[in-house]
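# Analysis of the macromolecular model
Now for the letters of each chain:
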Amino acid sequence: MTTPPLLTLGPVLFNWPVDQWRDFYARIADEAPVDVVTLGEVVCSKRAPFFEDALPEVIERLTAAGKQVILASPILVTTERERAAVRGLVGTEDLLVEANDLGAVAQLAGRPHLVGPFVNVYNEATLAWLAARGATAVSLAPELPAPSLKALAAEAARHGVAVEAQVFGRVPLAISARCYHARAHGLHKDGCQFVCGQDADGMDVETLDAQPFLAVNGLQTLSHTYLCLASELDELRAMGVSRFRLSPHTVDMVRVSSLFRDALDGRRGGAEVAAELAGMIDRAPLANGFFHDRAGAAFVGGDGAAAM
């Protein structure tokens, strides 16, 4: 029996003002056709206190709207305070946790949990090991080409593990203990003044030849382009991928989620959806190169997106 596709929303990666963050999730709860919402500050622990008081309200509203809520652990844990926060997170009993580093994976062993895209799962042995420790779903890294996704999805099926693929949004490429965002403003990490909040979708980075290259989000490096696998949804489903992840940006995410829901349900074609998305995003082109084993910034096939 074919597993019904789940449309999932990853955590907000950027430093949005708490009111904007709360209002975003209120609209997601009321209007977006997503099945699963992942919450949590995964990039920089210094941002987390701003959202702590609003988190219970957001969880309650999303749950009341019929969304499954997942709590995400940080990508990089370097201090005792951060380790304590992860211990508190994995102790949560009423919500599933998405582990985004191996420390969280270790602490969640023996109980159901999810593995996020920031844990490198590049081969079948790693996936089988995670499944044996209690992972019920694994979100694969967006830089994997189609043959690798297919092989991993087949291995996951043997263990009863769901596979998730990111299908929209800037691609996370790296995380660092140093904050380039602060350094670009002449600040130190410890006195960053939260300048990452000035760039709601990340700070664009150019090459020395003034060509768009990457985006920086605090400690995190992202792609300049926006991943879009709308035209590849049928192929992904045929491989066994059952969860399709959207990464939040300031573009109208209710509209984005509606477009992907229509494509998953067969009401609109993938190329048509990609063309509409390209028209919605004016700061960067769409890309799907990784999936097609090309340069990640390339867009293969279709209209409405710039090929690199």
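Just above, that's the structure.
Report on the accompanying structure. Since the model is a prediction, treat every value here as computed from it, not as a measurement.

### What to know about the pairing of strand β4 (residues 96-99)
- Across three bridges, strand β3 (residues 68-72) lies against β4 in parallel orientation. The residue bridging L71 from the neighbouring strand is V97, located in β4.
- Read from β3 through helix α4 (residues 80-90) to β4, the crossover connection turns out right-handed.
- Bridging between β4 and strand β5 (residues 113-115) involves two bridges; their strand directions are parallel. By the bridge assignment for β5, E98 is matched with L114.
- With helix α5 (residues 102-107) bridging β4 and its parallel neighbour β5, the resulting β-α-β unit is right-handed.

### Some words on the nonpolar core
- Judged by nonpolar contacts, the single largest core of 92 residues is most densely connected at Y25, I28, F168, L236 and F260.
- For this core, the element with the highest residue contribution is helix α10 (residues 253-264), accounting for seven residues.

### A short note on the pattern of salt bridges
- Within the structure shown, the criterion is met by 22 salt bridges.
- Put simply, D204 and R170 hold a salt bridge, and the shortest N to O gap is 2.8 Å. Residue D204 is located in strand β8 (residues 203-206), and its partner R170 is located in strand β7 (residues 162-175); the two are separated by 34 residues in the primary sequence.
- For R170, a relative accessible area of 0% corresponds to the buried category.
- One salt bridge in this structure joins R261 and D265, with 3.3 Å as the shortest N-O distance.

### Quick word on the environment of P172
- With respect to the element layout, P172 can be found in strand β7.
- You can call P172 buried: its relative accessible area is 14%.
- C-alpha of P172 to C-alpha of A297: the two residues are 125 residues apart in sequence and 13 Å apart in space.
- Ignoring anything within four residues of it in the chain, the contact list for P172 reads L13, F118, P142, Q166, Q220, T221 and L222.

### A word on the pairing of strand β6 (residues 135-140)
- In terms of burial, β6 is a largely internal element, five of the six residues being buried.
- Alignment of β5 against β6, held across three bridges, turns out to be parallel. Pairing of H113 across the sheet is with A135, part of β6.
- Between β5 and its parallel partner β6, the chain crosses via helix α6 (residues 124-132), and the hand of that crossover is right-handed.
- As paired elements, β6 and β7 share four bridges and run parallel to each other. Directly across from A137, in β7, lies its bridge partner A162.

### Quick look at the state of the cysteines
- Overall, the coordinates contain zero disulfides when judged by the stated rule.
- Not part of a disulfide, C192 finds its nearest cysteine sulfur in C179, a span of 6.0 Å.
- For C192, a relative accessible area of 9% corresponds to the buried category.

Conventions adopted
- Residues numbered from 1 in each chain as written.
- Predicted model: local features only at pLDDT ≥ 70, side-chain atom pairs only at ≥ 80, totals over all residues.
- Heavy atoms only, no water.
- Pairing = 2+ DSSP bridges.
- Helix = DSSP H or I, 4+ residues; strand = E, 2+ residues; numbered from the N terminus.
- Right-handed = clockwise from strand over helix to strand, strands pointing away.
- Core = buried A, V, L, I, M, F, W, Y, C linked by side-chain atoms within 4.5 Å.
- Buried < 20%, exposed > 50% of the residue type's maximum accessible area, 1.4 Å probe, protein only.
- Salt bridge = Lys/Arg side-chain N within 4 Å of Asp/Glu carboxyl O.
- Contact = heavy atoms within 4.5 Å.
- Disulfide = S-S within 2.5 Å.

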